[in-house]
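Chain by chain, the residues run as shown.
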Amino acid sequence: MTTSTRGTASPKKAAPAVLVLEDGRIFRGRAYGAVGETFGEAVFSTGMTGYQETLTDPSYHRQVVVMTAPHVGNTGVNDEDPESGQIWVAGYVVRDPARVSSNWRAKRSLDEELAKQGVVGISGVDTRALTRHLRERGAMRVGIFSGEAVADDASLLARVQEAPQMKGANLSAEVATKEAYVVPAIGEKRFTVAAVDLGIKGMTPHRMAERGIEVHVLPATATVEDVYAVNPDGVFFSNGPGDPATADHPVSVMQGVLERKTPLFGICFGNQILGRALGFGTFKLKYGHRGINQPVQDRTTGKVEVTAHNHGFAVDAPLDKVSETPYGRAEVSHVCLNDQVVEGLQLLDQPAFSVQYHPEAAAGPHDAAYLFDRFVSLMEAERA
């Protein structure tokens, strides 16, 4: 079955809506965005700004995002901030939507944009209570129903419990580009990078282009031969949705890159792929990390960064020792200070590293932008 049914534009007077969690907890509110029904995994995002970047992040494919900030939609929607060509969230939950958009770049309201793209949402929900519930019980399947989709609670719960789970979901190919494309370097071209698109955000190749990198963005199905056909100075693996335990093809491609000792950088899903390529396992977090205010320590420098996150899975690697892998020694380079989750890996005997969070962070913060410079330094050293 499909996990999301795109709805129709909501009427002027919002229709009643109901949110049903798979454990039977129910929240009632009003339709926001499109009217209809949708299914996905309920997760919460702690960001107070950047909702456009969140909505258009392909990593949120098949997830219903609960905004912990109570007032959402103040700045409307513009045509500059999207991270991809569409909204990817399966559904959207807000407490108090803005009645008026107030920003000089706004082209339309958030409600209008959700309706235009058929994204079913709900407003007027006690998102504090919902977030506390998800923190205690964990991320879980959810359905949002509005208009004619509303039925008796028991039948709605049964439908939610029939929806597929995120664990075991292989989703990268569903959100990645189908055809390769090139993002040219800004200014003088210094390097060529092959970027494997597992759900890449638009700002990521832009951050590399700013540093004189010509980025060849390749489909998730790209082979090792496809990667090296562009004669890359470095290889990048992007963020993306789904369970990394299903990503056997990207893991095999990364292992091919590691065998050639080409400078390698991965973020988010790319970090989990590197973990698997090195022989570590991955696991599903109880409720994940999502938002733009997560504290992470770079263990190589001791610096603490405020970072942007969107991940529900993590790498299972030892924090207290250097590990032997088929590609040399590896260690955990970054760790989340909230819960000690692995947030970065690096190899000590060849130029490869990754982080679990988002250094491109279009909505901020930009504490971790130096990681792109670190990637450049690896390519400079290799060339020298």
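Given the structure is predicted, the values throughout are model-derived calculations rather than measurements. (Residues numbered from 1 in each chain as written. Predicted model: local features only at pLDDT ≥ 70, side-chain atom pairs only at ≥ 80, totals over all residues. Heavy atoms only, no water.)

## Digging into the nonpolar core
1) Next: Grouped together as the largest cluster of nonpolar side chains are 33 residues, with contacts concentrated most on Phe237, Met254, Leu258 and Leu278.
2) Next: With five residues, helix 8 (residues 248-260) is the largest single contributor of residues to this core.
3) Next: Discounting chain neighbours no more than four positions away, the residues touching Phe237 are Val196, Leu198, Pro250, Val253, Met254, Leu264, Phe265, Gly266, Ile267 and Gly270.
4) Next: Met208, Ala209, Ile213 and Met379 belong to the second-largest nonpolar core, a separate cluster that totals 23 residues. (Core = buried A, V, L, I, M, F, W, Y, C linked by side-chain atoms within 4.5 Å. Buried < 20%, exposed > 50% of the residue type's maximum accessible area, 1.4 Å probe, protein only. Helix = DSSP H or I, 4+ residues; strand = E, 2+ residues; numbered from the N terminus. Contact = heavy atoms within 4.5 Å.)

## Some words on the environment of Asp320
1) Next: Inspection of the secondary structure assignment puts Asp320 in the loop between strand 16 (304-316) and strand 17 (323-325).
2) Next: Accessibility expressed as a relative area gives 71% for Asp320, which makes it exposed.
3) Next: Remark: the alpha-carbon pair of Asp320 and Arg99, spanning 221 residues in sequence, is separated by 51 Å.

## Here's the deal with the UniProt feature "active site" (unreviewed entry) in the protein
1) Next: UniProt feature "active site" (unreviewed entry): in the numbering of this structure it lies at Cys268, His358 and Glu360. These annotated residues cover 93 residues of sequence, and their C-alpha atoms all fall within 11.2 Å of one another, placing them together at a single site.
2) Next: For Cys268, the position within the fold is in the loop between strand 14 (264-267) and helix 9 (269-277).
3) Next: Contacts of Cys268, omitting those with residues within four sequence positions, involve Asn239, Asn310, His311, Val355, Gln356, Tyr357 and His358.
4) Next: By the element assignment, Glu360 lies in the loop between strand 20 (352-355) and helix 10 (370-383).
5) Next: With a relative accessible area of 0%, Glu360 lands in the buried category.
6) Next: For Glu360, the contacting residues outside a window of four places in its chain are Lys201, Met203, Thr204, Arg207, Ile267, His366 and Phe372.
7) Next: Within the local environment of Glu360, its side chain forms a polar contact with the side chain of Lys201, the two groups lying 2.9 Å apart. (UniProt positions renumbered as here; feature names shortened; annotations may be inferred. Polar contact = N/O pair within 3.5 Å; in protein donor to acceptor, adjacent residues only side chain to side chain.)

## As for the pattern of salt bridges
1) Next: Per the stated rule, a full pass over the model turns up 20 salt bridges.
2) Next: Among the ionic pairs, Asp23 bridges to Arg137, the shortest N-O distance being 3.2 Å. Residue Asp23 is located in the loop between strand 2 (16-21) and strand 3 (26-45), and its partner Arg137 is located in helix 3 (residues 127-137); the two are separated by 114 residues in the primary sequence.
3) Next: The class of Asp23 is partly exposed, set by a relative accessible area of 34%.
4) Next: Through salt bridges that share partners, Arg207, Glu210, Arg211 and Asp373 make up one connected network. (Salt bridge = Lys/Arg side-chain N within 4 Å of Asp/Glu carboxyl O.)

## Points about the pairing of strand 14
Two faces make up the sheet, and in a regular strand the side chains alternate between them.
1) Next: Side-chain alternation along strand 14 places Leu264 and Gly266 on one buried face and Phe265 and Ile267 on a second face that is also buried.
2) Next: Two elements, strand 13 (residues 234-237) and strand 14, share three bridges in a ladder whose sense is parallel. By the bridge assignment for strand 14, Phe237 is matched with Gly266.
3) Next: Viewed along the sheet, the connection from strand 13 through helix 8 into strand 14 turns out right-handed.
4) Next: Sheet analysis places strand 14 next to strand 20, joined by four bridges and oriented parallel. Residue Leu264 lies in a different strand from strand 20, and its bridge partner there is Ala352. (Pairing = 2+ DSSP bridges. Right-handed = clockwise from strand over helix to strand, strands pointing away.)

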